[in-house]
Amino acid sequence: MPSHAVAFAPGRANLIGEHTDYNQGLALPFAISEGVTVRASGLPDGRIEAVALDVGERDSFLVDRPGQARGWRAFVRGAAGELDRAGARLRGAELEITGTVPRGAGLSSSAALEVALVLAMLAVSGEAEPDRIELAKLCSRIENEWVGAQTGLLDQIASLCGRRECALRIDFRSLDVRPVTLELGDFSLVTVDSGEKHTHAASGYNERRAECTEACRRLGVPSLRDATLTMAESLPEPLARRARHVITENERVEAAVAALERADMAELGRLLDASHASLRDCFEVSTPAVEETVGRCKRAGALGARIMGGGFGGHVIALLPPDARQLEGAVEVRPGDGARVS
Ligand code: GLA
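Source: prediction; values computed, not measured. (Residues numbered from 1 in each chain as written. Predicted model: local features only at pLDDT ≥ 70, side-chain atom pairs only at ≥ 80, totals over all residues. Heavy atoms only, no water.)

Here we come to the overall build of the protein chain. Helices and strands together make up the secondary structure of the protein chain, namely nine helices and 13 strands. Taken over C-alpha atoms, the radius of gyration comes to 20 Å for the protein chain, in line with the 20 Å a tight globule of 342 residues would show. For the protein chain, buried positions account for 57% of its 342 residues. For the protein chain, the share of sequence-separated contacts (at least 6 apart) that also reach a separation of at least 24 residues comes to 71%. (Helix = DSSP H or I, 4+ residues; strand = E, 2+ residues; numbered from the N terminus. Rg over C-alpha atoms; globule rule 2.2 N^0.38 Å. Buried < 20%, exposed > 50% of the residue type's maximum accessible area, 1.4 Å probe, protein only. Contact = heavy atoms within 4.5 Å.)

The following block contains the structure:
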């Protein structure tokens, strides 16, 4: 059994396809180079001793009796609890956690933390890594059941399955993941922080998810993937608007894949703008700070710019042409490899 293991899991950017994952729809995310690292060292006594180095806090519990906690500790205890439930035989370990993804910013610091914890705990316990899609499901249960955010599988699959130079077209009904080369020529993708932080458990995220479930119940369909625009118009507001966003966003993902395949940057930009308008007007997850940030991107010459991730704050993603003006706070994002253990 190894006495040490280091796991790194990246955060993600999402080119397009927002709030589609828990509606069995489509998305086009990619893993970024920032992420969370967990250094695990085996302990003899069945305890987990976790240290969150960036916030200077500790947690300690018995690996087979994690109990409940809040904040970052809920992720560590959830990782132990879900691995145990899945039949992994975990040993005690010291876990040192550090990260470079800003927290609560729409770049998926939560999934990076879950994935790095789970991979480090498995590796230091000498347990084989399960299939990565199964692992993504396990990580999302940590978030759903231990942290209280009813998020989908977008972030976990992007972090686990990322591929250098590629975005991933994910079909959340079949869980088929297809790499799509992200060939942008002289254009670049950047993220810009709106400065507004959020937590999914506390924002309107869970409410949006509940509205989508209610829309399906009224339409008698298993998911919004099975709904059409005509069906959506029969719903009362705001459910009609919510469903319209999801249905049109799935279409925009397919159109974005096609635009990338023919290197049509103008069309890709138009799709990003249309996605943002739909997230603002139909799904209502934008905020004044996000609008201001999108406006700054557009004034700098962005071909398209949109809110990214769960919404209610966080980062904006923008497609910049080679002659874009200076855009304060813009950080270029490139697709990197998925999570790894060493
Ligand atoms: C967050 C969630 C994802 C997804 C996005 C919105 O990042 O964690 O599951 O729903 O919001 O697309």
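That covers the picture; the talk isn't over yet.
This paragraph deals with the sheet that holds strand S7 (residues 166–171). Strand order in this open sheet of three strands is S2-S7-S8, and the pairing throughout is antiparallel. Here the strands that pair on one side only, and so sit at the sheet edges, are strand S2 (26–27) and strand S8 (176–181). Taken together, the two bridges between S2 and S7 define a ladder with antiparallel strand orientation. Within S7, the residue paired with Ala27 across the bridge is Ile170. Across the sheet, helix H4 (residues 154–161) is in contact with S2, S7 and S8; its angle to S7 comes to roughly 135°. (Pairing = 2+ DSSP bridges. Axes fitted to C-alpha atoms, helices over the stretch in contact; angles between N-to-C directions.)

Of all 11 residues in strand S1 (residues 4–14), nine are buried; the element is thus mostly enclosed. In terms of strand pairing, S1 meets strand S3 (residues 29–43) through 10 bridges, oriented antiparallel. In the strand pairing of S3, Pro10 is matched with Gly35. Both S1 and strand S13 (residues 340–341) contribute to a ladder of two bridges, which runs antiparallel.

Before going further, it helps to spend a moment on the site of the ligand. By nearness alone, 13 residues border the ligand, and Glu18, His19, Asp21, Asp155 and Tyr205 come closest of all. Separating an oxygen atom of the ligand from a side-chain N or O atom of Arg12 is a distance of 2.9 Å. Taking Asp155, its side chain carries an N or O atom lying 2.5 Å from an oxygen atom of the ligand. Coverage of the ligand by the protein chains reaches 99% of its 310 Å² of free accessible surface. Of the residues belonging to the shell around the ligand, the class tally is three nonpolar, six polar and four charged. (Near = heavy atom within 4 Å. Polar contact = N/O pair within 3.5 Å; in protein donor to acceptor, adjacent residues only side chain to side chain. Areas by Shrake-Rupley, 256 points an atom, 1.4 Å probe, with all protein chains shown as cover. Nonpolar A, V, L, I, M, F, W, Y, C, P; charged D, E, K, R; others polar.)

Another aspect to go through is the sheet that holds strand S10 (residues 304–307). Taking strand neighbours across the sheet as the criterion, the four strands line up as S10-S11-S9-S12 in an open arrangement whose pairing is antiparallel. Only two strands of the sheet have a single partner each, and these edge strands are S10 and strand S12 (331–332). Bridge count between S10 and strand S11 (residues 315–320): four bridges; the pairing is antiparallel. Considered in S11, the bridge of Ala305 is made with Ala318. Strand contacts of helix H8 (residues 265–281): S10 and S11, with the helix running at about 30° to S10, the strand carrying the most contacts. Helix H9 (residues 288–299) rests against strand S9 (188–193), S10 and S11 of the sheet, and its axis sits at about 165° to S10.

Counting through the fold element by element, Gly67 comes out in the loop between strand S5 (57–62) and helix H1 (72–85). Taking relative accessible area as the criterion, Gly67 reaches 37% and is therefore assigned partly exposed. Once the C-alpha coordinates of Gly67 and Gly78 are considered, the two residues, 11 residues apart in sequence, prove to be 8.7 Å apart. Those residues in contact with Gly67 that sit more than four places away from it in its chain are Arg77 and Trp146.

Moving on, we get to the state of the cysteines. Counted under the stated rule, the structure contains zero disulfides. With no disulfide of its own, Cys166 lies 12 Å from the sulfur of Cys161, the closest cysteine sulfur. Classification of Cys166 by relative accessible area gives buried; the value is 9%. Free cysteine: Cys216, not disulfide-bonded; nearest cysteine sulfur from Cys212 at 7.1 Å. (Disulfide = S-S within 2.5 Å.)

Attention now moves to the side chain of Ser278. Residue position: Ser278 is located in helix H8. Classification of Ser278 as buried rests on a relative accessible area of 8%. Within polar-contact distance, the side chain of Ser278 engages the side chain of Arg252 at 3.2 Å. Excluding residues within four positions of it along the chain, Ser278 makes contact with His245, Thr248, Arg252 and Phe283.

This model, assessed by the stated rule, comprises one aromatic pair. Here Tyr22 and Tyr205 contribute two aromatic rings whose centre-to-centre distance is 5.7 Å and whose plane-to-plane angle is 65°, an arrangement assigned as edge-to-face. One end of the pair, Tyr22, is in the loop between S1 and S2; the other, Tyr205, is in helix H5 (residues 205–219), and 183 residues separate them in sequence. (Phe/Tyr/Trp six-rings, centres within 6.5 Å; stacked < 30°, edge-to-face > 60°.)

Remember, this is a structural readout, not a statement about activity or role.
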